[in-house]
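Each chain, letter by letter, is given below.
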Amino acid sequence: MLENWNRPQRPEEAELEERLKAANERLAGQQMMIKERGLPVLVLFEGWGTAGKGSVLGKVIRNIDPRFFKVAAMDVPTQEERRKPFLYRHFVKIPEAGKFMFLDSGWMDEVTGECLDGTLKEKDYKKKVESIKRFERQLTDNGYLVMKFFFHISQKEQKKRIDALKSDKNTSWRVGEKDSWQNRHYDKCLSVFDRYLNDTNLPAAPWYIIDAKSRKWAQLQVLETLASGIDTALKNSAMAVPLLQNVFPLERMPKLDEIDLDKAVTQEEYRAELDRLQERLGHLHNKLYRKKVPVIIAYEGWDAAGKGGNIKRITEALDPRGFEVHPIASPEPHEKARHYLWRFWNRLPKTGHIAVFDRTWYGRVMVERLEGFCRENDWQRAYNEINEFERELADWGAVIIKFWVQIDKDTQLARFNERQNTPAKQWKITEEDWRNREKWDLYEGAVNEMLQKTNTTYAPWHILESNDKRYARLKALRIVIESIEKALD
């Protein structure tokens, strides 16, 4: 894109001023429509050092109510961020519906920087590019407007600006070694930038090359392009998105009514085996921390199936400093206003730590689907999005263990009645539990489809037969131990 780029014709000064005024007014008027329609806008500024990204950004945001935007400068990842997946620090920055997020550099700068300093191998570059393409496509599929600008200047212009900044002691601090290195190795950088832009130039999230030789002209290009993108996004906001074919390796899962639930252990067997398995798991937790392997344990299942007791027997064996349990309820307003996976990205563990999810991202294809909390196109698309999310975690090195805790309808009724009639347990039963029970058959159909479409080889489902809670607890411990041992080996 850069190597074949044709510089756009800069208008005469009078025309430039007139168009600049009109573009500023246009963007100022669009912000209320963005708020009313709930359009989230993510704007990425990338480009050469000293190309003027910061000054143009400052001019653009003057037209927006400060309550409706945030700006983040994405520096090199911190040590803490390096212990999370590559896209973590970028995903958590996405804006709420009806608001702007401006990023001064982002995932492009991170990837191309690693290419230029020689720390990113070719296979890892390709893997990161695929992750970025999935990330940007998921955002646009879920109603985000993603605008990507690259500020382009020549080697001569960059050198001129570096020298000018260095000549004044009040501005010399603005020139970093990275800027000077870029200028000395301009052709090498141009080649890396050009490849990246071509690799990530998506139909729904294209790159816009900005002629940054003149700051006022650069400002006009950004404003007009941004305003045009907003108009198009507002017109297309109600359109459905094509469903992608699954490309991830799947294994067959039995249907829920095929599961044999007549499995049990005696109290004596349970007690002896529980102690042994918990001791083994505690030992493995130390190894996980030493080898910096992250573990994600996800629980789904029927109400009253025994998820809480199952989780308790696993966490009892762990060092409390190295795990966290996330009980997932209905999304809070600030969570509901973002991509549905955002609140799970925010809860991912560091390397060497364990995250246990009591309810998960699979709510998208169960409760949100059946209760009408999202459109049909949204939940149909979610199977592939979830497989992509878990692929990202697996590529990061995470051990992903997914449990469906299965009971039959009669067992659930008996447990509901016990909770209802036991004062100390009444907090566990709600009207929603009874309403969901009336939709058992609908939920069973949704769960069967979920299991079939998301039982990947890298993040398989495990059925816990939980009519006997003790049996289910031991089985869960064995699966967790086996999965961790396999990863450590």
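Up top you'll find the structure we're talking about.
Starting afresh in each chain, residues are numbered from 1 along the sequence in its written order. It should be noted that, the model being predicted, local features are given only for residues of pLDDT at least 70 and side-chain atom pairs only at 80 or more, the latter also being counted only at that level, while totals for whole chains, interfaces and linings use all residues. Based on all heavy atoms of the structure, the side-chain values leave hydrogens and waters out of the count.

**Some details on helix H18 (residues 431-438)**
Residue exposure (1.4 Å probe, protein chains only): buried if accessible area is under 20% of the type maximum, exposed if over 50%, otherwise partly exposed. Segments assigned H or I by DSSP are reported as helices when at least four residues long, segments assigned E as strands when at least two residues long, and all are numbered from the N terminus. Among all positions of H18, only Asp-433, Asn-436 and Arg-437 are buried. Down the axis of H18, the smallest arc covering the buried residues is 105 degrees, so these residues share one side. Away from its buried face by more than 90 degrees, H18 exposes Glu-431 and Glu-438. Among the structural elements, helix H17 (409-421) and helix H19 (440-454) are those in contact with the buried residues of H18. Taken from the helix axis, the directions to the C-beta atoms give the arc we talk about. Here, residues are in contact when the closest pair of their heavy atoms is within 4.5 Å.

**Some thoughts on the pattern of salt bridges**
Salt bridges, as used here, are contacts in which a Lys or Arg side-chain nitrogen is within 4 Å of a carboxyl oxygen on Asp or Glu. Under the defined criterion, the tally for this structure stands at 49 salt bridges. One salt bridge connects Arg-338 with Glu-96, and the closest N-O pair in it is separated by 3.8 Å. Of this pair, Arg-338 sits in the loop between helix H13 (333-336) and helix H14 (342-345) while Glu-96 sits in the loop between helix H4 (88-91) and strand S3 (100-104), and the two are 242 residues apart along the sequence. Classification of Arg-338 as buried rests on a relative accessible area of 15%. Because the salt bridges share partners, they merge into one network encompassing Arg-10, Glu-13, Glu-17 and Lys-216.

**Examining the layout of surface pockets**
Cavities and pockets are defined on a 1 Å grid built over the protein atoms alone: a cavity is a set of grid points where a 1.4 Å probe fits but cannot escape, while a pocket is an open set with protein on both sides within 12 Å along at least five of seven lines, and lining residues are those with an atom within 4 Å of any such point. Grid points are joined across faces, edges and corners, and a volume is the space filled by probe spheres set on the points. What the second largest pocket holds in volume is close to 1,100 Å³. What lines the second largest pocket is a set of 42 residues, among which Lys-53, Ser-105, Asp-109, Lys-178 and Asp-179 lie closest to the centre. Going through the elements one at a time, strand S1 (41-47), helix H2 (53-61), helix H5 (107-116), helix H7 (155-166) and helix H8 (177-184) are the ones with two or more residues in the lining of the second largest pocket. The element contributing the most residues to the lining of the second largest pocket is H5, with seven residues. Under the grouping applied here, Gly and all other residues not named as nonpolar or charged are polar, the nonpolar ones being Ala, Val, Leu, Ile, Met, Phe, Trp, Tyr, Cys and Pro and the charged ones Asp, Glu, Lys and Arg. Across the lining of the second largest pocket, the residue classes tally to 14 nonpolar, 12 polar and 16 charged.

**Focus on the environment of Val-146**
In this fold, Val-146 is placed in strand S4 (residues 145-152). Along the primary structure Val-146 and Leu-226 are separated by 80 residues, whereas in three dimensions their C-alpha atoms are 9.8 Å apart. The residues contacting Val-146, other than those within four sequence positions of it, are Leu-42, Leu-139, Thr-140, Ala-204 and Ala-205.

**Section: the pairing of strand S8 (residues 354-358)**
With four of five residues buried, S8 is to be regarded as a mostly interior element. Here a strand pair is declared whenever DSSP counts at least two bridges between the two strands. Examined bridge by bridge, strand S7 (residues 323-327) and S8 share five bridges and lie parallel to one another. Each residue of the ladder has a partner; that of Phe-323, found in S8, is Ile-354.

**Some remarks on the side chain of Asn-384**
Position of Asn-384 relative to the elements: it lies in helix H16 (residues 376-396). Look past the residues within four positions of Asn-384 in its chain and what remains in contact with it is Arg-137, Leu-244, Gln-245, Asn-246 and Phe-248.

**What about a positive patch on the surface?**
Patches here: salt-bridge-free residues with over 30% relative accessible area, like charges joined within 9 Å, nonpolar side chains (Val, Leu, Ile, Met, Phe, Trp, Tyr) joined within 5 Å. For the accessible areas, the method is Shrake-Rupley and the probe is 1.4 Å, while residue cover comes only from the protein chains on display. Note that His is not counted, nor are the chain ends; the positive residues are Lys and Arg, and the negative ones are Asp and Glu. Working definition for charges: the position is that of NZ of Lys, CZ of Arg, CG of Asp or CD of Glu. Judged by side-chain charge, Lys-59, Arg-62, Arg-174 and Arg-215 come together as a positively charged surface patch. Tracing the sequence through the fold places Arg-62 in the loop between H2 and strand S2 (69-73).

**Some details on the sheet that holds S2**
Read across the open sheet, the five strands follow the order S2-S3-S1-S4-S5; overall the sheet is parallel. Each end of this open sheet is capped by a strand with a single partner; those strands are S2 and strand S5 (207-211). Direction aside, the axes of adjacent strands within the sheet are offset by 20 degrees on average. One ladder, built from seven bridges, connects S1 with S4; its direction is parallel. The partner of Leu-44 across the bridge, within S4, is Lys-148. Note on geometry: axes are C-alpha line fits, over the in-contact stretch for helices, and angles between N-to-C directions span 0 to 180 degrees.

**Here's the deal with the packing of aromatic side chains**
Centre distance within 6.5 Å is the pairing criterion for rings of Phe, Tyr and Trp, where only the six-membered ring of Trp is used; planes under 30 degrees apart are then read as stacked, over 60 as edge-to-face, and the remainder as tilted. With the rule as written, the count across this model stands at 25 aromatic pairs. When the ring of Trp-361 is compared with that of Tyr-362, the centres are 6.3 Å apart and the planes differ by 40 degrees; the resulting orientation is tilted. With respect to class, Trp-361 is no different from Tyr-362; both count as buried. When the ring of Trp-361 is compared with that of Phe-389, the centres are 5.2 Å apart and the planes differ by 85 degrees; the resulting orientation is edge-to-face. Highlighted residues: Trp-361 in the loop between S8 and helix H15 (367-370) and Phe-389 in helix H16, separated in sequence by 28 residues. Residue Trp-361 shares its accessibility class with Phe-389, and that shared class is buried. Ring pairing ties together the aromatic residues Phe-91, Trp-107, Phe-135, Phe-344, Trp-345, Phe-357, Trp-361, Tyr-362, Phe-389 and Trp-461, which thus form one cluster. Counted as over-ring charges are cases with an Arg CZ or a Lys NZ within 6 Å of the ring centre that also lie within 35 degrees of the ring normal. The ring of Trp-342 has Arg-338 sitting right over it, with the charged end atom 4.2 Å from the ring centre. The lysine or arginine in question, Arg-391, covers the ring of Tyr-458, its NZ or CZ lying 4.2 Å from the ring centre.

**A word on the side chain of Arg-473**
By the element assignment, Arg-473 lies in helix H20 (residues 469-488). Buried charge Arg-473 goes without a salt bridge, the closest partner of opposite sign being Asp-468 at 7.5 Å. In terms of polar contacts, Arg-473 uses its side chain to reach the side chain of Tyr-270, at 3.3 Å. In this structure, Arg-473 is in contact with Tyr-270, Gly-309, Asn-310 and Arg-313, ignoring residues within four places of it in sequence. Think of a polar contact as two N or O atoms within 3.5 Å of one another; within protein, one of them needs to be a possible hydrogen donor and the other a possible acceptor, and neighboring residues in sequence only count if both atoms come from side chains.

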